[in-house]
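Descriptive analysis of the structure
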Amino acid sequence: MKVDGKHTRTIWVEQDGGVGIIDQTLLPHRFATVTLTSVADVARAIRTMQVRGAPLIGAAAAYGICLALRADASDEGLERAYRDLLAARPTAINLKWALDEMVASVRNRLRDERVAAAYRRAAEISEEDIAINQAIGRHGLKLIETAAAKKPGEPVNVLTHCNAGWLATVDWGTATAPIYMAHDSGVPVHVWVDETRPRNQGAALTAWELGHHGVPHTVIPDNTGGHLMQHGLVDLAIVGTDRVTAQGDVCNKIGTYLKALAAADNGVPFYVALPSPTIDFHVSDGIREIPIEQRGADEVTTMTGRTEDGRIETVRIVPDGSAVANYGFDVTPARLVTGLITERGVVAASRAALAKAFPERAAGARAIQPAAE
Ligand code: MRU
């Protein structure tokens with residue numbers, strides 16, 4: 001997508017093989033890029049959320065393997081890099097998916113072929129992500145067009161949570177791809193942007209990217225969605241996801257579940273946009289089986305923003321001594337999901353529908369399930 005008129009991706013390879021990223025911790029107040037030159041740099045960037053969002057975490061980890069192999073192309077070097085990157089964040093399954101893809105692409109090669117092979121596969125993973133998101137956009141666009149047909153001349157109101165936009169992917173975004181395509185093709189669309197405490201990815205990132213693309217949007221405090229739905233002000237919700245289970249349970253940024261409950265209570269369609277690498281066919285019950293990341297207390301106890309005279313400052317908003325909890329994600333059971341917008345079409349959030357849409361992935365997971373399962 002474009003930043004100040006210039007086509008920009010979230011990750012790229014520099015002339016010398018270093019990996020360029022947008023430092024997302026500085027947005028929306030500053031647009032700055034950083035070059036990562038080692039696997040440690042990549043692991044830190046993922047951990048500190050300079051890069052974030054499930055698909056982008058996967059792409060970054062893929063390049064992390066490239067940088068690791070540049071320094072040490074041995075089997076031990078590869079295994080160490082795999083372990084260090086995998087430990088960077090636990091919930092988004094795209095991280096493990098991308099690491100497994102990278103290992104498969106280099107494992108059976110001679111050491112001196114590994115670096116080039118790794119860069120090739122990492123580039124493919126990035127290109128595939130873009131193509132997948134464009135396909136998600138085309139399928140999701142039909143949902144927005146259907147909603148638009150019911151209210152001629154009025155904008156379709158889409159509610160989204162966190163940032164599942166182009167900043168969370170290599171380009172286009174998942175939940176935002178249908179929105180950008182609707183906007184670009186002249187379908188009037190307006191986005192309710194959940195601020196998404198504690199890190200405010202909605203207020204800071206989704207609002208920033210929608211604004212740069214000219215998409216009408218309104219940032220709302222996280223607790224507003226239910227009220228808007230009760231008053232007919234949300235036509236559909238589209239969110240992203242960090243992991244979808246074989247039975248269609250959806251893990252996404254904390255607070256997604258509450259929006260799905262409100263949507264169900266108000267008859268608002270609740271869609272989840274996802275690329276197939278986000279499906280984890282090895283797990284079924286999302287509530288029991290998906291590891292939920294718990295992050296530092298400082299994300300809850302403090303807020304960072306720009307002062308009137310332009311300084312970026314962090315202030316404490318919780319009394320000293322109060323305990324805080326910071327669960328990064330929650331799980332929305334499949335029964336609350338109207339449909340999954342994938343690169344192969346909109347499918348039901350069910351085991352049968354997912355296995356039918358992605359038979360090769362479902363079969364691959366079954367092949368390595370322990371016999372008891
Ligand atoms: O903690 P984050 O910012 O990485 O969480 C991101 C989300 O929850 C996104 O909605 C999800 O990764 C989907 S990204 C296309």
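The structure contained in this document is the topic of the report that follows. Since we're looking at a predicted model, the values are computed, not measured. (Residues numbered from 1 in each chain as written. Predicted model: local features only at pLDDT ≥ 70, side-chain atom pairs only at ≥ 80, totals over all residues. Heavy atoms only, no water.)

1. Considering empty space enclosed by the protein
Counting across every chain of the model gives three cavities of 30 Å³ or more. For the largest cavity, the calculated volume is near 160 Å³. In terms of lining, the largest cavity is formed by 20 residues, of which the most central are Arg52, Gly53, Ala54, Asn163 and Asp242. Elements supplying a minimum of two residues to the lining of the largest cavity: α2 (54-71) and β11 (250-253). Partitioning the lining of the largest cavity into residue classes produces seven nonpolar, nine polar and four charged. Here the second largest cavity is characterised by a volume of approximately 110 Å³. (1 Å grid on protein atoms, 1.4 Å probe; cavity = no way out; pocket = protein on both sides within 12 Å on 5 of 7 lines; lining within 4 Å. Points joined across faces, edges and corners; volume = space filled by probe spheres on them. Helix = DSSP H or I, 4+ residues; strand = E, 2+ residues; numbered from the N terminus. Nonpolar A, V, L, I, M, F, W, Y, C, P; charged D, E, K, R; others polar.)

2. Side note on the site of the ligand
The ligand sits among 19 residues. The nearest are Arg52, Arg89, Gln201, Asp242 and Lys253. Measuring from an oxygen atom of the ligand, one finds a backbone N or O atom of Ala54 at 3.0 Å. Within the side chain of Asp242, one N or O atom sits 2.9 Å away from an oxygen atom of the ligand. Within the complex, the protein chains bury 100% of what would otherwise be the 410 Å² of accessible surface of the ligand. Among the cavities detected, the one that contains the ligand is the largest cavity. The set of elements that each furnish at least two residues to the shell around the ligand consists of α2 and β11. Taken together, the residues of the shell around the ligand sort by class into seven nonpolar, eight polar and four charged. (Near = heavy atom within 4 Å. Polar contact = N/O pair within 3.5 Å; in protein donor to acceptor, adjacent residues only side chain to side chain. Areas by Shrake-Rupley, 256 points an atom, 1.4 Å probe, with all protein chains shown as cover. Sits in = over half its atoms within 2 Å of the grid points.)

3. Points about the nonpolar core
Side chains that are nonpolar tend, in soluble globular proteins, to be buried together. Core analysis: the largest hydrophobic core is formed by 80 residues, its most contacted members being Ile11, Ile46 and Ile238. With residues up to four places along the chain from it excluded, the contact list for Ile11 reads Val19, Gly20, Ile21, Leu56, Ala59, Ala60, Tyr63, Ser126 and Val170. Membership of the second largest hydrophobic core comes to 32 residues, among which are Ile220, Ala246, Ala263 and Ile279. (Core = buried A, V, L, I, M, F, W, Y, C linked by side-chain atoms within 4.5 Å. Buried < 20%, exposed > 50% of the residue type's maximum accessible area, 1.4 Å probe, protein only. Contact = heavy atoms within 4.5 Å.)

4. Comments concerning the packing of aromatic side chains
Applying the stated criterion across every chain, the model contains three aromatic pairs. On the numbers, 6.0 Å between centres and 10° between planes, the contact of Phe31 with Trp208 is stacked. Separated by 177 residues along the polypeptide, Phe31 in the loop between β4 (19-22) and β5 (33-36) and Trp208 in helix α7 (residues 201-213) bring together distant segments of the chain. Residue Trp208 is classed as buried on the basis of its relative accessible area, which comes to 10%. (Phe/Tyr/Trp six-rings, centres within 6.5 Å; stacked < 30°, edge-to-face > 60°.)

5. Some details on the pairing of strand β14 (residues 302-306)
In the sheet, β14 pairs with strand β15 (residues 312-316) via five bridges, with the strands oriented antiparallel. Along β15, the bridge assignment pairs Met303 with Val315. (Pairing = 2+ DSSP bridges.)

6. Some remarks on unusual backbone geometry
Following Leu27, the chain continues to Pro28 via a peptide bond in cis, the omega torsion being 10°. Along the chain, Pro28 falls in the loop between β4 and β5. Note that the residue after Arg197, namely Pro198, is joined by a cis bond; omega there is 5°. Looking at where Pro198 falls in the secondary structure, it is placed in the loop between β7 (189-194) and α7.

7. Brief notes about the sheet that holds strand β9 (residues 236-239)
Pairing is mixed in the open sheet, where seven strands are placed in the order β8-β7-β6-β9-β12-β17-β18. Every interior strand has two partners, whereas the edge strands, β8 (217-220) and β18 (345-347), have only one. Neighbour to neighbour, the strand axes of the sheet diverge by 25° on average, direction disregarded. In terms of strand pairing, strand β6 (residues 156-160) meets β9 through two bridges, oriented parallel. In the sheet register, Val158 faces β9, and the bridge partner there is Leu236. Set on the sheet, helix α5 (residues 111-149) makes contact with β6, β9, β12 (270-273), β17 (339-342) and β18; between it and β17 the angle comes to about 130°. (Axes fitted to C-alpha atoms, helices over the stretch in contact; angles between N-to-C directions.)

8. Some details on a nonpolar patch on the surface
A contiguous nonpolar patch, built from Tyr257, Leu258 and Leu261 and spanning about 260 Å² of accessible area, is present on the exposed surface. Within the secondary structure layout, Leu261 lies in helix α9 (residues 256-266). With relative accessibility at 34%, the residue Leu261 sits in the partly exposed group. (Patch = residues over 30% accessible without salt bridge, like charges linked within 9 Å, V, L, I, M, F, W, Y side chains within 5 Å. Salt bridge = Lys/Arg side-chain N within 4 Å of Asp/Glu carboxyl O.)

9. What about the state of the cysteines?
Applying the stated rule across the entire model yields zero disulfides. This cysteine, Cys251, is not joined by any disulfide, and Cys162 carries the nearest cysteine sulfur, 11 Å off. Take Cys251: its relative accessible area is 0%, and that puts it in the buried class. (Disulfide = S-S within 2.5 Å.)

10. A look at the layout of surface pockets
Put simply, the largest pocket is a space of about 700 Å³. What lines the largest pocket is a set of 25 residues, among which Thr25, Leu27, Arg199, Asn200 and Thr304 lie closest to the centre. If you list the elements that add at least two residues to the lining of the largest pocket, you get α7, α11 (298-301), β14 and β15. In the lining of the largest pocket, the residues fall into ten nonpolar, nine polar and six charged. Of the volumes computed, that of the second largest pocket is approximately 400 Å³. If you go around the second largest pocket, you meet 17 residues; those closest to its centre are Lys96, Trp97, Asp100, His282 and Arg361. Those elements that place two or more of their residues in the lining of the second largest pocket are α4 (94-106), β13 (279-280) and α13 (359-367).

Function cannot be inferred from these measures alone, as they are strictly geometric.
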